[in-house]
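The lines below spell out each chain.
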Amino acid sequence: MNKRLIRLLTLFIALLEFTSITLKAQGNLILTGSVVDNSNNTPVELATVKLISTEDPNNIKSLQTDSAGKFIIKGLKKGKYSINVSYLGYKMLDKAGIELTGATTVYNIGVLRLLPNLNQLGEVQVKAEKQLVSNKPGKMEINAQSKIFASSNTAFDVLQKAPGVALLNGSFKINGNVEPDILLNGRRTPLSMEELKSIPYDNIEKIEIISNPNSSYEGDRKAIINIVLKNKVKETGYNTSLYTEYARNKYNQFNFGGDFSFKQKKYTITASAGRIWTPAFTDITGNRYYEQDGQNYLLNTKSFIKNKPTLLYYNAGLEYYIDTANTFGVYYRGTNTKITQEPNSASKTFLGNTADDSQLVSLINTTGLTKTDATNSTYTVNYEHIFNKGTKFSLESNLGRYDLTQNQNTISSNVNTPTNTSGIINDAKSTIDLFNINADFSTALSKAVTLQIGGKFNNSTTKDGLVSDSVKNNAVIDAARQTNNFKYDEKIYAYYFNLDYDFGFATLEVGTRVEDTRSVGTAVIASQSFTKNYTNVLPAPSCIKMGFGPNTYPFICQKNKQAQLSRSESVCIYYRSLHLCKR
């Protein structure tokens, strides 16, 4: 038997196991179920399903149903849970008291039935609590102060629980698998995941979900989530708040922060800062069976990884009211993220299908240390002039910089040859410089017609550098060093036109966006460069929405999808970007 080949294979499989480790401990229990329309038993595709731990309300797993309305939630641990199901046009479903005892691996929750949400048209209803979801022309608004968000600490927590929004593979998705840009108060520069964790929950008034953005947004933006903050100080005076949170898994987790706002007749000052420290760990034991040259082998891997992230955030803003028609603002957003990861794994290969030490073929220990330091700073200046009721001009400019440095050191050794070790050392640096300016003008041509025109210039420069060294017996192999340096410059010129016509019983929205992109890239390692210029003319998504009668079923039309209609009079017609929804 070629033991060297076995060791190499073992090392390869161990590295695959090692790199597949996630940053949160996972269980082995599975929850399944399906979602249907209660009125006709048809499957509800792309419904958002959220499973929330009763012990830790911020521990949320979210996904969306498939074409048969089914869902499978994996990686669960023993405990009590509640489930939340939502889809536009239906009442939100909440089901509590779900307990996973571990008596069986797969739990089937059965069929969950969604009830159509009946809208009262032309009537005003007074309720003790503001409704969670309301539909406005072109967007859906979510009341962030609803009780379902009560345990939230940041904007990140709110989006995890928001109806129609799912956290999938580390990013938020809506409408199935559409990744939206997340904006703050409508400003054009998207927020990062770290910045979402720096916005206190108490500052948020509502969440706007724009699933079909018009031509005023970038052409490649398929959806928008806009976080609208409260105007905490409506009159002159000040407002301040502090928060702190403590939790513990294997390690202590501690977060604290605060915000301050001060308003006078001519200006408003806002500031916020905080620290989020959430160390975590992963402890995984796994077995893999494989066959080679007619012989069975068992690979047993035990992996443990410490993950210690620290996020510092600091924001400040000044709004100056020149007069009743003119407002000038300056804002700063900054974050600093430091992450230390300490992975350790031991991989044993046994002859046969059992972990018998007498049949041990190979034992490989892998240790590592990865340090990441990322800094993000964005300066925003805006100016707004209101000519009269219904006419407004705004100008916004952003200057930003993102710096990332990362050092990764991984060493592996085989106990059969303890003096021989191998590994890699990677040093990576990345810098992104961004500048953009946006101009927007909107006016009401009449009570029914609104015109929007605008333009944008965006310039970004990305510089990436990587030095990779191979290590053998604790010594760097100079001849094996690899370097890679890359620079990418991109300029975008964009202009748009958008027209809304309100018929009273329906709204028609049409528009066009022209984008001219010019990019130049250079890769030093390959001694290559490229230049790419292209222009897109994009018709704006257009929609006519109609409602008839005092009671109607709200209905959403999704492009390239076979609509499931719950009433015979519902019709959906698709023509390019124009679709007609009769409900």
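Residues numbered from 1 in each chain as written. Predicted model: local features only at pLDDT ≥ 70, side-chain atom pairs only at ≥ 80, totals over all residues. Heavy atoms only, no water.

## Topic: the overall build of the protein chain
Of regular secondary structure, the protein chain possesses 3 helices and 32 strands. Within the span of the protein chain, comprising 583 residues, buried residues form 41% of the whole. In the protein chain, the proportion of contacts linking residues at least 24 apart, taken out of those at least 6 apart, comes to 64%. Here the protein chain displays about 31,100 Å² of accessible surface, and carbon together with sulfur accounts for 54% of that area. (Helix = DSSP H or I, 4+ residues; strand = E, 2+ residues; numbered from the N terminus. Buried < 20%, exposed > 50% of the residue type's maximum accessible area, 1.4 Å probe, protein only. Contact = heavy atoms within 4.5 Å. Areas by Shrake-Rupley, 256 points an atom, 1.4 Å probe, with all protein chains shown as cover.)

## As for the environment of Gly170
Relative to the helices and strands, Gly170 is located in the loop between β11 (165-168) and β12 (171-174). Overall, the relative accessible area of 56% leaves Gly170 in the exposed class.

## Re a nonpolar patch on the surface
The grouping of Ile269, Leu318, Tyr320, Ile322, Phe328, Val330 and Val381 at the surface amounts to a nonpolar patch, some 520 Å² of accessible area in total. Among the secondary structure elements, those contributing two or more residues to the nonpolar patch are β20 (295-321) and β21 (326-351). Within the secondary structure, Ile269 sits in strand β18 (residues 267-277). (Patch = residues over 30% accessible without salt bridge, like charges linked within 9 Å, V, L, I, M, F, W, Y side chains within 5 Å. Salt bridge = Lys/Arg side-chain N within 4 Å of Asp/Glu carboxyl O.)

## What to know about the packing of aromatic side chains
Following the criterion strictly, the structure yields 12 aromatic pairs and no others. Note on Tyr332 and Tyr379: the rings are 4.8 Å apart at their centroids and 45 degrees apart in plane angle, and the pair reads as tilted. Pair noted here: Tyr332 is in strand β21 and Tyr379 is in strand β22 (residues 360-388), with a separation of 47 residues, a long-range link. Joined through ring pairs, the aromatic side chains of Tyr314, Tyr332 and Tyr379 make up one cluster. (Phe/Tyr/Trp six-rings, centres within 6.5 Å; stacked < 30°, edge-to-face > 60°.)

## Considering the sheet that holds strand β1 (residues 29-37)
With mixed pairing, 3 strands are arranged side by side in an open sheet as β4-β1-β7. For this open sheet the edge positions go to β4 (70-76) and β7 (106-114), each flanked by a neighbour on one side alone. Across the sheet, the mean angle separating the axes of adjacent strands is 20 degrees when strand polarity is ignored. Summarising the sheet, β1 and β7 pair through 7 bridges and their orientation is parallel. (Pairing = 2+ DSSP bridges. Axes fitted to C-alpha atoms, helices over the stretch in contact; angles between N-to-C directions.)

## Here we look at the environment of Thr417
Secondary-structure assignment places Thr417 in strand β24 (residues 417-444). For the pair Thr417 and Leu363, spaced 54 residues apart in sequence, the C-alpha to C-alpha distance is 9.8 Å.

## Side note on the pairing of β20
Where β18 meets β20, 11 bridges bridge the pair, whose relative direction is antiparallel. Pairing of Ile276 across the sheet is with Leu311, part of β20. Pairing of strand β19 (residues 280-292) with β20, which is carried by 13 bridges, proceeds in the antiparallel orientation. The residue of β20 that forms the bridge with Ile284 is Ser303. Here 25 bridges tie β20 to β21, and the two strands are oriented antiparallel to one another. Considered in β21, the bridge of Leu298 is made with Phe350. Hairpin connection of β20 to β21: 4 residues between the antiparallel strands.

## Thoughts on the pattern of salt bridges
Going through the model one piece at a time under the given rule, you end up with 9 salt bridges. With a closest N to O distance of 3.3 Å, Lys308 and Glu342 form a salt bridge. With a gap of 34 residues between them, Lys308 in strand β20 and Glu342 in strand β21 connect regions that are remote in the sequence. Judged by its relative accessible area of 34%, Lys308 falls in the partly exposed class. A residue is classified by how much of its surface remains accessible, and Glu342, at 24% relative accessible area, is partly exposed. Note that Asp433 and Arg401 form a salt bridge whose closest N and O atoms lie 2.7 Å from each other. Taken together, the residues Asp433 in strand β24 and Arg401 in strand β23 (residues 391-414) connect sequence positions 32 residues apart.

Spatial relationships are all this shows, so hold off on functional conclusions.
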